[in-house]
Each structure stands twice: as structure tokens, then as C-alpha cells.
Protein chains: 2
Amino acid sequence: MTDSDVSSFAPLVVLELADNTKEEAITWLLSRIRDKQQNGGAELLVEQLLVGVQDGKKCNPNVFIVGSTWQRLLNGAEDVGLFKEFNDGSMRGFTYANRENFKDFKGDGDGFLSMAECQYIIKHELDTLRAKDEAHVPGYPNAKLYPGKSVIRRLQSKRILEQVFPLHDKEELKKLSFSWYKKVKLSFQPLDDVRRYFGEGLALYFGFLEYFTFALVPMAVIGLPYYLFDWEDYDKYVLFAIFNLIWSTVFLEVWKRSSAQMAYSWGTLSRKKAFEEPRPSFHGELGLNPVTGREEPIYPNTRRQLKIYLVSLPFVLLCLYLSLYVMMIYFDMEFWAIGVYDESPNFWTSILLFIPSIIYAVVIEIMNLLYRYAAEFLTHWENHRLESTYQNHLVLKVLVFNFFNCFASLFYIAFIMQDMALLRQSLATLLITSQILNQVMEAFLPYWLQRRHNKKVHKRMRKMMGDKELPLLEQVQLETDMNTYLGTFDDYLEQFLLFGYVSLFSCVYPLAALLVVLNNITEVYSDAFKMCHVFKRPFTEPASDIGVWQLAFETMSVIAVVTNCALIGLSPQVKAYFPESDTQLILTVVAVEHILLAFKFILAFVIPDVPKHIQIRLARLEFESLEALKKRKMLEAAEISKTDK
Amino acid sequence: MTDSDVSSFAPLVVLELADNTKEEAITWLLSRIRDKQQNGGAELLVEQLLVGVQDGKKCNPNVFIVGSTWQRLLNGAEDVGLFKEFNDGSMRGFTYANRENFKDFKGDGDGFLSMAECQYIIKHELDTLRAKDEAHVPGYPNAKLYPGKSVIRRLQSKRILEQVFPLHDKEELKKLSFSWYKKVKLSFQPLDDVRRYFGEGLALYFGFLEYFTFALVPMAVIGLPYYLFDWEDYDKYVLFAIFNLIWSTVFLEVWKRSSAQMAYSWGTLSRKKAFEEPRPSFHGELGLNPVTGREEPIYPNTRRQLKIYLVSLPFVLLCLYLSLYVMMIYFDMEFWAIGVYDESPNFWTSILLFIPSIIYAVVIEIMNLLYRYAAEFLTHWENHRLESTYQNHLVLKVLVFNFFNCFASLFYIAFIMQDMALLRQSLATLLITSQILNQVMEAFLPYWLQRRHNKKVHKRMRKMMGDKELPLLEQVQLETDMNTYLGTFDDYLEQFLLFGYVSLFSCVYPLAALLVVLNNITEVYSDAFKMCHVFKRPFTEPASDIGVWQLAFETMSVIAVVTNCALIGLSPQVKAYFPESDTQLILTVVAVEHILLAFKFILAFVIPDVPKHIQIRLARLEFESLEALKKRKMLEAAEISKTDK
């Protein structure tokens, strides 16, 4: 792993400072990073990448590579609360004192930690490198510092530090990508390897994607005859709606358990959340933090609430109204197209029938995209202190709009117009168009751009450095210019909307499940490919579940119960049972729906989120640590009573 | 507190063994209790109460009093994870090493712990007194023991140990009862004193009772004019139903926060649950416990599931059917009474109108009582390993039946018969009758029995011991014969049913809230009285919330939303808005109901369960302990590097 041509240590993380950064700031930062821990430093190794070639030529000279000694990394592993496999097969929080009892720990610990873990530790150590008594960053009187403030975050928020990212491990990446998406034979994804390389957060996403796809297979199989044999009388869809209903409930309950299973095997299930640092861009007036008692920026909560309720909320409502307005235009177009077709039904006018839906689908995607930027801007402007609250507010804003934007027209067609033929056509067009658009926007376009760019960089490097072999230098240059992976947000959002299409209305268009299955199979490949070759390597993110998305999917499945019950109530077959009065029909449907909802909640409550055998193992770990503590105390007490005598 | 006439230490807890217990078992038990902790003993002080008078005369000689040294109690306080007030006003887990920094800690700690805390510690130490290598209790080959098995629990399950209970503190009890219920002036209950004497579990019950009563006052006030001005047209009840709806949601959310506030101030909010011992009566075949790895009785889960699904569930369903059958008989009686009144309407026949409801109310109470015993028997027979699962299964059984038994007739009258006049009359009779019965059964009867008994014991003691002053002896004798308080179950159950009457149907009988307020005011007094004078002192139970009852009340409030929406939909006033079709009316009501339910869930999700300022304080405590840990590690690392050099 060591590229002795450039650095004297294994390079793990790249720090890129702005190319006009003042010399004194660089010197200060490097000395702080290198300084001993006792003196408040990070005690890491850091070197400039291009020591000789400082003339530039479009090439930023302020790129630094960071590494560390094994000893330091092992100490860091304890700091970040890393879970590693113990000798008895269980996962335990690593402690340096107990290091010999961990599996695969040999000698001085060389090779014990994976590269991704080392990078995560270095990121943590850099993030928690705190200002001592510096009043500001040397050379930048505006970049104020105060004791305890994270130096790296201040540099980031002042744009002195442009980016920090971990390097890819070319060899492992090759192996991973081979077993992940280059093999042709059908098999499960190598989730453990994905986790080792990209961390738990991403592995859970791919695990979810795989699980969701497999769960859809029975539905796709059942849906196929509906399509093939043209069961268009909408009578048989009652059966399908009932199946839908059960499926969407069981689906999420089983996922929770298998996600717990995965998180347990990775050691993140019982991991406690670390103390969260403020976001880099969080700003406010200096005040006392009520928790830490330290001086730091404080932003009054009332002001944030005012922003949320007086600006963000009205803005979201306005967007929803706009989306409704666009929907009405779509209906106008739709009726116009139907009118044209009715006047002269031929091949061209029958194609015209699909045009409004396709245009609407494209417009929906564009609106989602624009709204996404607006939501990010607004949530940023709301100035949340923690990344987690920022994320929650962003997810909420985006989810509400996306849900409304994508499904409002379908709800309108289903329950106000009660036109099942139109619902089917509209659903199909929306689903197919959005799938195609997504695949293009998400994978092919970035890949194509990246490839063009890579060739350019390669040429430039050759020109600049002549024929010298500089693999590390080139690698760093290439990866510096790669796009940054912005997290699993968009990927989950896409799956959320697909889940909506399938669970809400698929009974009128049973082919939906099959389409989603096909989409997701290519999605696995394109997502895997983009992680390995289009984006910079992301820092790993320990995660024990899919977080707020579990809640989002569960909410959707509750809405699915209501929708499917209503669709069942609308079916002619069911209506035939209540020939005399609609009242009886509605009351029955409502009663059944209430029972189903109650049943769903009871089910979610009764089924334990963590499988029994894992609960037992967790309890055993806890019991053992309690016993150990008790024993230690007894020994201490015995010691004391001995010295007393 | 020391009664030097009998024992040489402050007596805290009483152990009563069966009066035919074999001498060798007694000797063994006492030696185990007295033995040092290093040797696996409990290291407590224990003495026989009646050393001289072993001849009996209806008086069990095997009564022992248990006490402890202060040193031992302080160590025990750390074992049980007791929270005490720190010097800075926060509540922290007590540690012996850090003892000087706790508030009110003086000298060797004499008086630092309250009597209830001492008793709780002693109970814990007795419960965790474990068998070493004894194969069985000496003298009882059937009472098998194995290493690690709790000795006391085995003695209890074999009926060798009849009871363990803490002694009352007569002086403090006098003070408490004065400030609690003897004062005439209106004021809040002294919950902190209640907590100090009876523990958090009971204090939370009284806190809930008080909160519930206060929360009902606005409803009672609004309900009064409905009754006084005879607004019997059932039109104005829409307003009341809407008020009901909002109230029942807000009520529970606010309670969660104030309960968190209380639990925080008592230090139980962030308390972790201790490792639970198996119930004393749990039995099974010897096997390996998967958690502790020790040999202990194992009962196969499948067998328990079979019992639950093949016996308990059918039994519960049968009881529900029976309850339905009784309800039908009630309706027959009701119609017969109405028929008689209609034939000859006079004073006597108008009284006759109330008779069926009263009889039905009494029958309901009797059925609840009988069912209660059956449910306890069944749940016991299901052989649950832990007390908490036993409690959950018992609560579920009892709640379902009680809910059905009490409210089925009201639902039937409201939604099938749609007879609001009958609903009103039935509700009033049920509520008033059950309140009266409850007060009699719960407080007056036990009190009267107790009083008679106390006098007898007093006389007997005088006769036996002559004129000697023996306050401790008499106290122990009196308290040994007192009834045992079986926990807050019945008290919460009563409040649960009252909450049901008020939140489900009070819009048709607005006086209900006032009746419940009046009932609860007397309830506070009678409950307080019975705790102080009717029952044995219970061991304190640390609690951070009202547990499963929070869920029960929340479920009721969800049902209340549905019921109130339906009642609103039935009102002539609302019906007038939809003169043409019932369909429109029903759809509107259902839509409104769904929105309300969604709103309720969102509200419950958005409102944090723990108030902000307490979250901050908890975070501060956690931050401080993290910082302390970090500092210690740094110091240790520095030590190591020093010694390395």
C-alpha cells in the first residue's frame, strides 16, 4: 500500500486547501496536525503532495496527504468506539488494553484495521482537533477561533479548506467491483465487502435495495398474468389489493429484523451515538453552550422557528399549490388529447394519448429537482446546529413535496374522477418515464462526464510530469476532481417513490411491480458502478438502521392500507354485494379499514424489532460486562479492606 | 429509630418464615445472610424478634428483623444504582468513591439514605443472595438449589419464607399523612414526600391521579351548564365532542412531559433497568440459560405459546362472549322496564327504569372481579420467566375484558340502537354505581376489617406480654397481619375505565367529568389513607414513567377520536348539513376522522416526550462523564508513556 515514490507513509486521506491559502495558515495547520495529543494536537502524519512542482499550471499545490502510525490508529479506534470481532465471535467495542483478545490482532496491530476504518478514524481525529488559545486562524483575522472549537470545521466554513476525502484502494476496489457487479452469475451482493469498503450506511442501503427487489418478486409474478391475460375488468383487482395490503405491512416488519441482523453482525446495533459537533456552516452570536458550558455560537431557537413557520412552511405550501396547478394543466392536456383521439381515432392520435402523461412525468421530475435545491437552500438558511436536525428538516420538506407531486394526480384520478382506465395509463407512463429519466440522470450522465474528464487529467499529468511513474500523484489528482457522493438521500428517495407506486395503486396496473423489479436490478449495477468509479470515495458512516427512511416507508404503508381499502370499495365486484345502499358499503369498507389499521399497529408492536437470538446475544454481552464490573469492584473492595488492616 | 429494647440495630425489614420451618434451615439462612460478601453472603444484620417467647400461643416465633451497617448500605446503594442529589443540584448515580461530593453526605454517611432507600437496598441484597454449592435448602431435599440461584426466591416459591416486608416508620408516617390528607386546606399532594416514603412508582401514580383530576376540571366546568340548563337536544354536543377530542390528545402529551419532569427530579429518568431475576414461581427443567450460561430452569417457549393460544386466548374470547350474553339480558330487562313504565307511568315505575342499569353495573363489577382472578390464574399458569412479561400478559388480558365488559353496551346503544336518551341514562347509572362500589370495596371495607383486627392484636399482645412496653414487637405483629398492597394495577385500571367513560361518551352526558372529578378527589384521600394505614408498607419500586399504562391510555384516546367523530356524525345538527345523501355525510366524517388521527400521530411524534430543559441537563451530565473518561484515559496514556521511557 506504501507508495514510496512520494510519501514515507501509507496515504489515507487527502486535504485540499484553497490554492491561495496563506503560508502561515498552512504551517500552523500542519504543526497542529502533527503535534502530540498531550499538547492538543492530532498526532497524525501529513505531507505535501507536490513538494517540487510548486509552479502550478492549473494544478493546486496545496494538496496534502494524511496518514498515521498504527499505534495512533489503534488509540483512535478506541476513541471513535469502533466495534471489532472478538475472539469468541461477538462484536465488541475495541479497547487498546484488551487488544490481544480481538480476532486477527497480531504483533503491533499492523493490518488489524481496514483502510476504511483507518480513514474514518483519521477523519474523526481531524474533526476533533480543537483550537487552544488561538484567537483566529493565522493570516485570517476573520476566521475566528475559540478554545474547543473544531479547527477543521472552521477552515471548511471559511472555504480555506476546500475538501477532505479518503483515497480509494485501487486493488481492493478492483476485487470488490469484480464480485459486486462484474460477475455475470446471479447471486446476492457481497454486502460484507461493501461494508468493509464503504461503511455500514451504504451497505445498509444496498441491503435494502436488494431486499426490496426480492420482496417485489412475488408481486411481479402475480401481476404478470393480470397483464398477459388482459384481466382488464378491474374486478379481479380486489384480490390483488388485498395481497398488496398484507405485503406492504409484512415487508417492513421483516426488513426491520433483517436490518437488525446485519447491524448486529457489523457491531453497530448496540453502538451509542457519539457527541455531535455543530455543522460547519452553523453560525450565530457567541454565547454559552448550555450542555458543554463552553463559549460557542448560539442561534436563538425562536428565530429559527420564525424562519420555519413564516418562510419555509408558506414556501412549501406555495410549491404544493403550484404542483396542483401543473396537475390541472396536465388534465386539460389529457382531455384535449382524448378529444382529438375521439374525433379521429387513428395510430397517430392514439400515440398522442400518451404525450400529456409523458410531458407531465418529465415536468414532475424537473419540479422535484428544482424543489430539491430550494429545500436545501431553505434548510441551510434555517441554520440548524446539528447535521441530524438539518437532515430531518430537509427530508421532511422533500418527502412531503415529492409525495404530493408524484401521487396527487393519481389520487385525483382514482377517487375524484374514479376513472380506472385513465389511472392505469397515467400510472404506467409516470412510472416508466421517471425510471428512464432517473437512470440517465443518475448514472449514465455522470459516468460519461467523468470519463471525458479522466482522459483530460491523464493527458495533463503525462505532459506535466513527463514519463515518470507517479501512480499516487495521478490517483490523487483524478480523485480530487471526481464528484462528491452526497449520501444515500437521493437513492432512498427514489426507492421511496417506487414503493409508493407499487403499494398505493399497483392493483390497477399489476405490471408495476415487474417494472420496479427490472429497474432495481439495473439500479444495483449502476449504483454499484457509480460508487466505485464515478464518485470520490466517501468516508464511512456507522449506521445501525436506515434511520428516518424506515419511518417514511412505514408512513407510506399506512397510506397504502387506506388507499387499497378505498380502491376495493370502488370496485364493481364489491359494490355488487351492497346493491341497495352506498351507505352500507362505505360503512363496511371504513370498518374493515379501521380493523386493518389497528391490526397493522398491533403487528408492528408485537413483532420484536430485533430477532430473539440477537436479543439473547446482546443480553449476554451486557451480562458479561456487568459481571466483570462486579468482580472488579469486589477485588477493589478487598484491596481496600486489606490496606485498612 | 433504634428500639434498643429488642434489637441492637435499627430494624428495617421483616422476614417471616413458616412457623414449622426446620431449625437447620433457619440456622443456614441466618448464617448466609450474615456471612461476608467475599464469601458470597449478604453481610446484613439479622435477629430473631421473639427470642424468649418461643411457646407460640397463635404467634409465629420465626419472625426475623433485618438491618445493616451504614457502610454496607452505602456499598449497596452503589450496587442498586441509586440516584442521589449531587452537590451541583443534579441527580447522579451514587458511587462510594465519590460519596463526599453528594449533597447531605456527612461523616460516615449516617442518615444520608432515607429509610425507604435502605429497605430497598436490603431487599435487593437479600434477593441477590445466591446459592453457592448447596444442593438444596438444608432440611428440605425438595427445595433444590444450584450455584447462582437466588436463595430467597427459592424459599418463597417453596413457601418456607412466608413474607418479606419493610417496616413502617411511625414518626415519618405521621408527618406524611398529616401533610398528605389530614390537612384541610386545598393544595397539591406532597409528591416528593410520598416518593421518599413509598418510592417513585407510587408517587407517579398519585401524580397521575392528581394531574388527571386537574385536567378534568375544565371539562367538568364546561359540562355543568349542559346539565343545569337541560341542553338535552343533543345538538350542542357536537361542540363538546370536539372539545373532548382535543382534550384527550393534549392531556396525554402533556402528562408524558410532566412525568418526565418528575422522574428527572427523582433521578430515575435516565436510570437503566437492572438485570431481572426470574419470578419466584417460575419453574421448568434444568438447562443452560443462553444469556448467563448458568444452569437454571428453562421452560420451552413453544409450550408457553401453546398454552397462550390454545387455552388463554379461547378462554378470553369465551369470557367476552359471556359478557355479550349478559349485555343482551340487560337489554331485555331494560325493555321490559320501559314497557312497564309505558303502561302505567308513575313514581314507582319511573324508579324501575333505573333498576336494570344498576343491576347491570353491579354484575359488570362482579364479572370484572371474577375475571381478574381467572386472568391471574391463567397468566400464572402460562409460567412466564420474568415479572415484566407476566405483568404485560396480565394487563393485556384484563384490559381487553374490562374495556369490552364496561363499554360494549354503551357502544351498542350509541351506534346500533342510536338511542341517545338511553345512552345517557345507561352511562350515568354505570358510572355512578361503579364509583360507589369501588370506593366501598377499595377503601372502607379493608379499613373496617383492619381496624377490627388491629384491636384484637393489640389486646392479644397486652395479654401475652403483660404491661411491658414493647412498641417494636407490637408494630411488627400488627404489620405482619396487615394486607399486602398488590401494586398500582387496580388503581390504574380504575382510572383507565374512568378515562374511558369521560373521553368516549361524555359528550352525551356532560356531567360525567364532574362526577369523575368528585370521585378522584375522594380517591386521593382514600388511596392515601389506605397506603398509610390499611396496607403493609410496600418496597419502593424505582420507576421513570407509568409504563404500560401510558400505552393503554393512548390507545383509549385513539378510540375516543373514532367514537367522538362517529357521535358527531350521528348528531341531527351535522346531519342537517347533508340533507340529500348519507353517503356524503359519512365520507366527510371519515375524512375528518382520518385527518384527526393523522394529526394526532404527528403531534405525538413532534412533541418531544422529555422537555427541552431536561434534555439539556441530561446531555450535560453525559457530556461531563464523557469528558471525565477522556481525561482519565489521557492521564493513563501519559502514565504509560512515562513508564515506557
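Residues numbered from 1 in each chain as written. Chains lettered and ligands numbered in written order. Predicted model: local features only at pLDDT ≥ 70, side-chain atom pairs only at ≥ 80, totals over all residues. Heavy atoms only, no water.

Chain A is annotated in an unreviewed UniProt entry as Anoctamin of Chanos chanos. According to UniProt, the comment filed for chain A under the heading Sequence similarities (unreviewed entry) is "Belongs to the anoctamin family." Listed in UniProt under the heading Subcellular location (unreviewed entry), the comment for chain A reads: "Membrane". (UniProt positions renumbered as here; feature names shortened; annotations may be inferred.)

Colleague: In this structure, what is going on with the relation of the copies chain A and chain B? I would like to understand it.
Modeller: What relates the two chain copies is a rotation about an axis together with a slide along it. When chain A is fitted to chain B, the best match, at an RMSD of 0.1 Å, comes from turning it 180 degrees and sliding it 0.1 Å along the axis. The two molecules are tied by a two-fold rotation axis, judged by turn and shift. If distances are taken from each C-alpha of chain A to the rotation axis, the shortest is found for A:Thr583, at 2.7 Å. Mapped onto chain B, 100% of the interface residues of chain A again fall at the interface, so both copies present the same surface. (Least-squares fit on C-alpha atoms with pLDDT ≥ 70 in both. Contact = heavy atoms within 4.5 Å.)

Colleague: For this particular structure, what's the right way to read the environment of A:Leu73?
Modeller: Residue and element names in this part refer to chain A. Tracing the backbone shows Leu73 in helix H2 (residues 70-79). As a C-alpha pair, Leu73 and Ile121 span 48 residues in sequence and 6.8 Å in three-dimensional space. Sequence-distant contacts of Leu73, that is, excluding residues within four places in its chain, are made with Ser68, Leu113, Cys118, Ile121 and Ile122. (Helix = DSSP H or I, 4+ residues; strand = E, 2+ residues; numbered from the N terminus.)

Colleague: Is there a simple way to think about the interface of chain A and chain B in this case?
Modeller: One frequently used descriptor of interface size is the decrease in accessible area upon assembly of the parts. On the side of chain B, 29 residues touch chain A, which itself brings 29 residues to the contact. Of the roughly 2,600 Å² buried at the junction of chain A and chain B (both faces included), carbon and sulfur atoms supply 67%. Run the count over chain A and chain B and you get zero salt bridges. Counting every contact that joins chain A to chain B gives four residue pairs in polar contact (both at pLDDT 80 or more). Elements supplying a minimum of two residues to the side of chain A that touches chain B: helix H17 (548-570), helix H19 (582-606) and helix H20 (612-644) of chain A. Tallied by class, residues from the side of chain A that touches chain B come to 15 nonpolar, six polar and eight charged. (Buried area = accessible area lost by both parts, 1.4 Å probe. Salt bridge = Lys/Arg side-chain N within 4 Å of Asp/Glu carboxyl O. Polar contact = N/O pair within 3.5 Å; in protein donor to acceptor, adjacent residues only side chain to side chain. Nonpolar A, V, L, I, M, F, W, Y, C, P; charged D, E, K, R; others polar.)

Colleague: How should the UniProt feature "transmembrane region" (unreviewed entry) in chain A be read in this particular structure?
Modeller: Residues and elements named next belong to chain A. The UniProt entry lists residues 202-225, 237-255, 308-331, 351-373, 394-415, 496-518 and 585-607 under the feature "transmembrane region" (unreviewed entry), expressed in the numbering used here. From the first C-alpha to the last, residues 394-415 spans 30 Å; its make-up is 100% helix and 0% strand. Taken end to end, residues 585-607 is 96% helix and 0% strand, and its two terminal C-alpha atoms sit 32 Å from one another.

Colleague: Please explain unusual backbone geometry as it appears in this structure.
Modeller: Most of the time, phi is negative for any residue but glycine, and the peptide bond is trans. Its identity is not glycine, yet A:Asn383 carries a phi of approximately 60 degrees, on the positive side. With respect to the helices and strands, A:Asn383 occurs in the loop between helix H11 (355-381) and helix H12 (387-417).

Colleague: I would appreciate a short explanation of the sheet that holds strand S1 (residues 13-17) of chain A in the present structure.
Modeller: Within a beta sheet, neighbouring strands are joined by backbone hydrogen bonds and run either parallel or antiparallel to one another. Residues and elements named next belong to chain A. Strand order in the open sheet formed by four strands is S2-S3-S1-S8, and the pairing between neighbours is antiparallel. In this open sheet, the two strands that pair with only one neighbour each are strand S2 (45-48) and strand S8 (161-166). Averaged over all adjacent pairs, the angle separating strand axes in this sheet is 20 degrees, with direction ignored. In this sheet, strand S3 (residues 63-67) lies alongside S1 in antiparallel orientation, the contact comprising four bridges. What sits directly across from Val14, in S3, is Ile65. The sheet contacts of helix H3 (residues 115-127) involve S1, S3 and S8, and relative to S1 the element is tilted by about 40 degrees. Where helix H14 (residues 471-481) meets the sheet, its contacts fall on S1, S3 and S8, and the angle it forms with S8 comes to roughly 115 degrees. (Pairing = 2+ DSSP bridges. Axes fitted to C-alpha atoms, helices over the stretch in contact; angles between N-to-C directions.)

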